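# Structural characterization, general
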Amino acid sequence: MPKVSDDPDQASSYDKLATGSQMNIVEVMVDSDSAGGKAATTSNAPRHQKAMLKLENGGPLDMDCDAQVLWMTVFSPAGCKANPVSCRLWAEPQKPGLSMNGDFIIGGIFTIHYYTNSGQNTYTMQPPQLQCTGSMDFRQMRYARALEFTIYEINNRTDLLPGITLGYQIYDSCSAERKAVEAAFQFVNGLDPDFNDSSSCLNSAATAVSALVVESSSTPPVSMARILGLFGIPQVSVYATCACLNDKHQFPAFFRTVPSDEHQAVALSRMIRHFGWTWIGAVCSDTEYGNYGMAAFLKAAREEGICVEYSEVYYRTQPRSKLERVANVIRRSTARVILAFLASGDMKFLLEELAREPLPPIQWIGSETWITDVDFLRFNMCAGAVGFGEPLALISGLHEFLVDLSPAQVSKSPLLTELWERSFNCNLKGRIDASMNVRQCDGSEDIRVLQNPYTYTSQLRNTVMVYKATYAIAHAIHGVICNNTQCNKNIQLSPWQVYNHLRRVNFTTKNGYQVNFDSNGDPVVVYDVINWQYNKDGALDMVTVGYYDSSKPKGQQFRMSSAVSWVGLQTEVPVSVCSESCPPGTRKAVQKGRPVCCYDCIPCAEGEISNMTDSWGCLHCSPEFWPNSKRDSCLPKPVEFLSWDDTLGIILTVFSITGAFMAVCVIAVFYKHRASPIVRANNSELSFLLLFSLILCFLCSLTFICQPSEWSCMLRHTAFGITFVLCISCVLGKTIVVLMAFRATLPGSNVMKWFGPPQQRLSVLIFTLIQVLICAIWLKLSPPFPFRNLKLYKERIILECGLGSAIGFWAVLGYIGFLALLCFILAFLARRLPDNFNEAKFITFSMLIFCAVWITFIPAYVSSPGKVTVAVEIFAILASSFGLIFCIFAPKCFIIVFRPEQNTKKHLMGKVPSKAL
């Protein structure tokens with residue numbers, strides 16, 4: 001038996017305690033959550049059972065069963081060391097169900113039965129030991145015998161542990177934590193109940209197992225791992241998936257060949273998300289397996305955006321009312337997908353309860369414990385179920401080993417005897433029970449033709465985990481006692497040595513199975529995706545439809561290889577959502593007081609889009625883009641400017657060309673009649689220059705009808721400013737000439753010598769050069785430039801010509817206005833001068849129109865949006881130009897063409913009365 005402590009002082013305390021020389025009372029604390037509790041000398045321990053051990057005359061008088069177990073493991077070694085005369089375990093050690101001697105022993109604990117019978121405790125004598133009852137689980141029996149087979153296979157190999165014979169001791173835990181802990185203590189203590197001297201203690205310790213292979217749900221391994229970890233005995237589980245066992249502080253020597261539930265929870269959440277389910281129900285076992293697994297799943301589900309409508313817990317020993325409540329929650333739920341993280345026993349009770357009343361179609365998602373259990377295929381309500389299972393595998397030679405049994409062989413083992421009798425419903429010779437109407441086995445029974453889970457080896461899953469675990473332990477032992485091809489069976493093998501080598505094993509079995517462990521003692525996570533489908537015979541069958549491999553890069557871990565049959569024989573994935581998906585163009589808004597998966601779909605705001613389904617927010621389009629009508633994509637904003645093919649642009653172009661043509665026609669008329677009095681009397685040189693400038697005014701409006709560019713922006717403003725100043729300068733010159741001409745008729749006046757043709761040309765040139773200078777400064781300092789106006793309209797872009805310098809623009813416009821106002825004032829003063837051909841009154845009307853147009857232009861220009869601004873400017877140019885040509889030249893042309901009799905010098909001088917027009 002291993003020593004509790006090598007410290008002399010501590011050992012002395014145990015000696016005194018055992019002999020009762022100084023201490024006569026000790027309180028032993030037993031953890032009620034696990035039978036393998038901790039011994040302590042304090043009474044302050046909530047949630048613990050307290051066993052009082054009164055030591056009189058060197059031994060305990062009265063202990064309950066749990067205290068006896070602790071007494072055996074803690075105090076007996078010290079007692080042996082202190083008193084070599086006598087030392088005895090209180091409980092009689094149980095014999096293993098299957099065993100074989102060897103140089104090194106590998107232990108095994110399997111759940112072959114599911115019920116126990118402890119008898120009645122009278123509290124006046126030692127409590128009776130637990131006895132396994134109920135039907136045998138043939139599948140678990142296959143696991144136990146797979147351990148036997150693997151050890152036989154290893155013993156026959158020459159490359160692994162040559163010359164070494166491995167033995168085994170296999171116990172039945174009966175699905176009871178207390179029974180499993182008892183077996184764990186027995187592996188530590190050995191089988192010998194009597195210790196006559198100190199050497200027998202050491203011999204007993206030498207017979208302890210090197211490592212254990214355990215097939216059980218997560219709860220018993222938690223207790224066993226705490227106990228075995230204290231002594232460094234490695235425990236390799238093939239079924240315990242609880243993530244809690246990754247804690248190496250509590251379970252330093254725990255390994256497993258089955259993936260942790262933490263990995264399964266992540267894989268399940270990713271699979272659920274893969275199929276688009278965001279609204280599910282969840283049920284789990286009220287055990288370490290279920291609670292830790294569900295906690296890991298809920299965490300992973302939140303990261304995947306999955307909402308859980310309800311999460312119920314249940315354990316098969318709880319009152320029936322709890323089971324009925326869980327079933328009613330499932331029936332009333334709106335989630336059509338349910339994750340069942342349940343142990344097989346709990347799942348069986350739940351399905352039987354749900355079958356009592358009609359159940360709406362439910363898509364089941366199963367954990368590995370029941371989704372690969374063939375016993376559940378009889379529940380048709382689970383048709384279409386999907387879940388993860390260990391990859392299918394074959395173990396060559398296993399089936400032959402399992403069926404290589406005869407009545408003589410099975411009679412040597414109680415477990416094999418029960419297997420035989422329950423398989424054929426008969427009693428072996430010498431075991432006839434008169435109280436039962438069971439026939440005696442007659443020798444015709446042939447286990448080779450037996451069809452039950454024990455002989456079912458065509459699709460192995462967890463059985464392979466036993467195979468891997470046994471080989472892993474064998475490789476670890478090989479690493480301790482073997483050097484190249486030589487092995488020393490006389491080495492005193494320490495469990496910690498096996499543990500250290502077990503952490504580093506990395507090999508491939510002859511069947512091609514890779515075996516290694518990570519820092520948590522877990523294997524590489526690989527799952528098959530299992531789907532329950534109806535076969536050709538109309539019976540449910542398990543079909544592998546995909547896989548999950550955590551070693552692959554993210555995004556490639558989950559793959560589907562074939563079609564899935566869903567609940568109700570649907571070929572399309574069923575829908576399970578709290579709210580329908582929000583289409584592109586909308587965003588999700590969580591409903592108050594409900595989970596995030598319950599939401600309303602709200603259209604994106606103006607200028608925003610959502611380009612994917614179920615978007616939580618909308619995105620702003622960039623400034624040069626605008627959403628389409630569905631608000632699911634950003635389209636380039638239409639660019640707007642006054643173009644040639646625009647209706648407004650065409651109309652203005654026609655008017656511009658028409659005005660220029662009219663000016664050309666007037667020039668032609670004036671040129672043809674240049675010698676006529678009316679042409680000569682109205683300063684023909686300035687008239688021709690004015691007509692030429694009007695042609696330029698009409699044509700400069702065309703520079704505004706095009707896509708703005710750097711050159712067009714500079715040209716349109718400067719051309720407009722210079723041509724209009726040229727035009728107004730000519731009109732001003734004509735006005736001054738008219739006014740001065742009548743002044744010159746006064747006696748002694750020689751004013752006309754200052755307003756002759758040279759002076760007129762010079763004045764027009766000076767006025768025009770001033771505008772040219774203003775434009776040059778404007779272009780030099782801050783010229784007009786093209787820009788894309790994104791602020792005027794949200795849904796379109798306006799191409800405009802920026803003014804550059806607003807001062808320059810208003811200086812150009814102000815100078816034109818100043819000349820026009822000056823011209824208007826002078827013409828107004830000369831309007832009543834006596835002459836039939838006095839131009840002053842026509843110039844007055846033309847300037848009145850010009851000033852009215854441009855005064856109106858200013859507020860219209862400032863307030864007009866987009867291309868209308870350009871149209872307003874063109875309109876002002878054309879209107880003022882047409883005003884000039886009509887007011888000044890139309891009357892003259894009318895007389896020249898239609899009233900030639902008035903185009904005489906006498907009529908000009910006013911000597912002939914003028915006729916009404």
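An account of the accompanying structure is given in this report. (Residues numbered from 1 in each chain as written. Predicted model: local features only at pLDDT ≥ 70, side-chain atom pairs only at ≥ 80, totals over all residues. Heavy atoms only, no water.)

### Overview of the sheet that holds strand S25 (residues 526-534)
Read across the sheet, eight strands follow the order S15-S14-S16-S17-S18-S25-S26-S27 without closing on themselves; strand pairing throughout is mixed. Each edge of the sheet is formed by a strand with only one pairing partner; in this case those strands are strand S15 (307-314) and strand S27 (558-560). Strand-to-strand, the axes of this sheet are offset by a mean angle of 25°, without reference to chain direction. In this structure, strand S17 (residues 363-366) lies alongside strand S18 (residues 386-389), joined through two bridges in parallel fashion. Bridging across to S18, Gly 366 finds its partner in Gly 387. Packing of helix H7 (residues 261-274) onto the sheet brings it into contact with strand S14 (279-285), strand S16 (337-341), S17, S18, S25, strand S26 (540-549) and S27, and relative to S18 it is tilted by some 150°. Strand contacts of helix H9 (residues 320-332): S14, S15 and S16, with the helix running at about 160° to S15, the strand carrying the most contacts. (Pairing = 2+ DSSP bridges. Helix = DSSP H or I, 4+ residues; strand = E, 2+ residues; numbered from the N terminus. Axes fitted to C-alpha atoms, helices over the stretch in contact; angles between N-to-C directions. Contact = heavy atoms within 4.5 Å.)

### Here we look at the layout of surface pockets
Any empty space left between the atoms is revealed when a probe the size of a water molecule rolls over them. Roughly 670 Å³ of internal volume is contained in the second largest pocket. Lining the second largest pocket are 31 residues, and of these Pro 96, Gly 97, Leu 98, Ser 413 and Pro 414 sit closest to its centre. Listing elements by their share of the lining of the second largest pocket, those giving two or more residues are strand S5 (98-100), strand S8 (131-133), helix H3 (138-155), strand S9 (166-172), helix H4 (177-189) and helix H14 (414-424). When the residues that make up the lining of the second largest pocket are grouped by side-chain class, the tally is 14 nonpolar, eight polar and nine charged. (1 Å grid on protein atoms, 1.4 Å probe; cavity = no way out; pocket = protein on both sides within 12 Å on 5 of 7 lines; lining within 4 Å. Points joined across faces, edges and corners; volume = space filled by probe spheres on them. Nonpolar A, V, L, I, M, F, W, Y, C, P; charged D, E, K, R; others polar.)

### A word on empty space enclosed by the protein
Per the stated rule, a full pass over the model turns up two cavities of 30 Å³ or more. Estimates place the volume of the second largest cavity at around 50 Å³. Along the walls of the second largest cavity sit 13 residues, with Phe 641, Leu 642, Pro 708, Leu 799 and Val 870 positioned nearest its centre. Mapped onto the lining of the second largest cavity, the elements with two or more residues apiece are strand S36 (797-802) and helix H24 (867-898). Broken down by element, the residue count for the lining of the second largest cavity peaks at three residues, all from S36. Of the residues that constitute the lining of the second largest cavity, the class distribution is eight nonpolar, one polar and four charged.

### Remarks on the side chain of Ser 712
Within the secondary structure layout, Ser 712 lies in helix H20 (residues 710-743). For Ser 712, a relative accessible area of 10% puts it in the buried group. Polar contacts involving the side chain of Ser 712 include one to the main-chain amide nitrogen of Ser 709, which spans 2.7 Å. Ignoring any residue separated from it by four or fewer positions in sequence, one finds Ser 712 in contact with Cys 706 and Gln 707. (Buried < 20%, exposed > 50% of the residue type's maximum accessible area, 1.4 Å probe, protein only. Polar contact = N/O pair within 3.5 Å; in protein donor to acceptor, adjacent residues only side chain to side chain.)

### Quick word on the state of the cysteines
Should the sulfur atoms of two cysteines be covalently bonded, the bond is a disulfide. Across all of its chains, the model carries 10 disulfides by this definition. Through a disulfide, Cys 132 is tied to Cys 174; the S-S separation comes to 1.4 Å. Pair noted here: Cys 132 is in strand S8 and Cys 174 is in the loop between S9 and H4, with a separation of 42 residues, a long-range link. Bridging Cys 713 to Cys 801, the disulfide has an S-S length of 1.9 Å. Judged by the sign of its S-S torsion, about -80°, the bond between Cys 713 and Cys 801 is left-handed. In this pair, Cys 713 is assigned in helix H20 and Cys 801 in strand S36, connecting sequence segments 88 residues apart. With no disulfide of its own, Cys 893 lies closest to Cys 665 among cysteine sulfurs, the gap being 9.1 Å. Here Cys 893 falls in the buried class, since its relative accessible area comes to 13%. (Disulfide = S-S within 2.5 Å.)

### Focus: the pairing of S26
Here S25 pairs with S26 via nine bridges, running antiparallel. Counterpart to Gln 533 in the pairing with S26 is Asp 541. Where S26 and S27 come together, three bridges link them in antiparallel fashion. Bridge pairing in S27 links Gly 546 to Met 560.

### Notes on the packing of aromatic side chains
Considering all chains together, one arrives at 34 aromatic pairs under this definition. For the ring pair Phe 388 and Tyr 527, a centre distance of 5.3 Å and an interplane angle of 35° mean the geometry is tilted. Note that Phe 388 is positioned in strand S18 and Tyr 527 in strand S25, a separation of 139 residues in sequence. Note on accessibility: Phe 388 and Tyr 527 belong to one class, buried. Considering the side-chain rings of Trp 420 and Phe 424, the 5.0 Å spacing of their centres and the 55° angle between planes classify their relative orientation as tilted. Taken together, the residues Trp 420 and Phe 424, both in helix H14 and four residues apart, mark about one turn of the helix. Relative accessible area serves as the criterion here: at 15%, Phe 424 is assigned to the buried category. Here the aromatic cluster, defined as three or more aromatic residues joined through ring pairs, consists of Phe 275, Trp 277, Phe 388, Tyr 527, Tyr 548, Phe 558 and Trp 566. Lying over the aromatic face of Phe 255, Lys 248 brings its terminal NZ or CZ to 5.6 Å of the ring centre. (Phe/Tyr/Trp six-rings, centres within 6.5 Å; stacked < 30°, edge-to-face > 60°. Lys NZ or Arg CZ within 6 Å of the ring centre and 35° of its normal.)

### A look at the sheet that holds strand S35 (residues 785-789)
The mixed open sheet is built from three strands, whose spatial order is S34-S36-S35. Both outer strands of the open sheet, strand S34 (639-640) and S35, are each paired with one neighbouring strand and no more. Where S35 meets S36, five bridges bridge the pair, whose relative direction is antiparallel. Residue pairing in the sheet places Phe 787 in a bridge with Glu 800 of S36.

### Considering the pattern of salt bridges
If you walk through the whole model with that rule in mind, you get 20 salt bridges. With its nearest N and O atoms 3.5 Å apart, the salt bridge here joins Arg 139 to Asp 373. Of this pair, Arg 139 sits in helix H3 while Asp 373 is found in the loop between helix H11 (368-371) and S18, placing the two residues 234 residues apart along the sequence. Looking at Asp 373, the relative accessible area reads 4%, which means it is buried. Across the salt bridge formed by Glu 640 and Arg 796, the nearest N and O atoms sit 2.9 Å from each other. (Salt bridge = Lys/Arg side-chain N within 4 Å of Asp/Glu carboxyl O.)

### Observations regarding the environment of Tyr 289
Tracing the backbone shows Tyr 289 in helix H8 (residues 288-303). Sequence separation between Tyr 289 and Asp 261 is 28 residues; the distance between their C-alpha atoms is 7.8 Å.

### Examining the nonpolar core
Formed by 72 residues in total, the largest nonpolar core has its most connected members in Phe 110, Met 141, Leu 161, Leu 166, Val 213, Ile 477 and Ile 481. Tallying contributions element by element places helix H15 (residues 462-481) first for this core, with 13 residues. For Ile 477, the residues in contact, after removing those within four places along its chain, are Phe 104, Leu 161, Leu 166, Ser 210, Leu 493 and Val 498. (Core = buried A, V, L, I, M, F, W, Y, C linked by side-chain atoms within 4.5 Å.)

### Notes on the environment of Gln 707
Position of Gln 707 among the secondary structure elements: in the loop between helix H19 (684-700) and H20. Distance in space between the C-alpha atoms of Gln 707 and Ser 643 is 6.5 Å, their sequence separation being 64 residues. Setting aside chain neighbours within four positions, we find Gln 707 in contact with Phe 641, Ser 712 and Leu 799.

### Considerations on a nonpolar patch on the surface
Together, Leu 762, Leu 765, Ile 766, Leu 769, Ile 770 and Val 772 make up an exposed nonpolar region whose accessible area comes to about 480 Å². Along the polypeptide, Leu 769 turns up in helix H21 (residues 757-781). Looking at Leu 769, the relative accessible area reads 45%, which means it is partly exposed. (Patch = residues over 30% accessible without salt bridge, like charges linked within 9 Å, V, L, I, M, F, W, Y side chains within 5 Å. Areas by Shrake-Rupley, 256 points an atom, 1.4 Å probe, with all protein chains shown as cover.)

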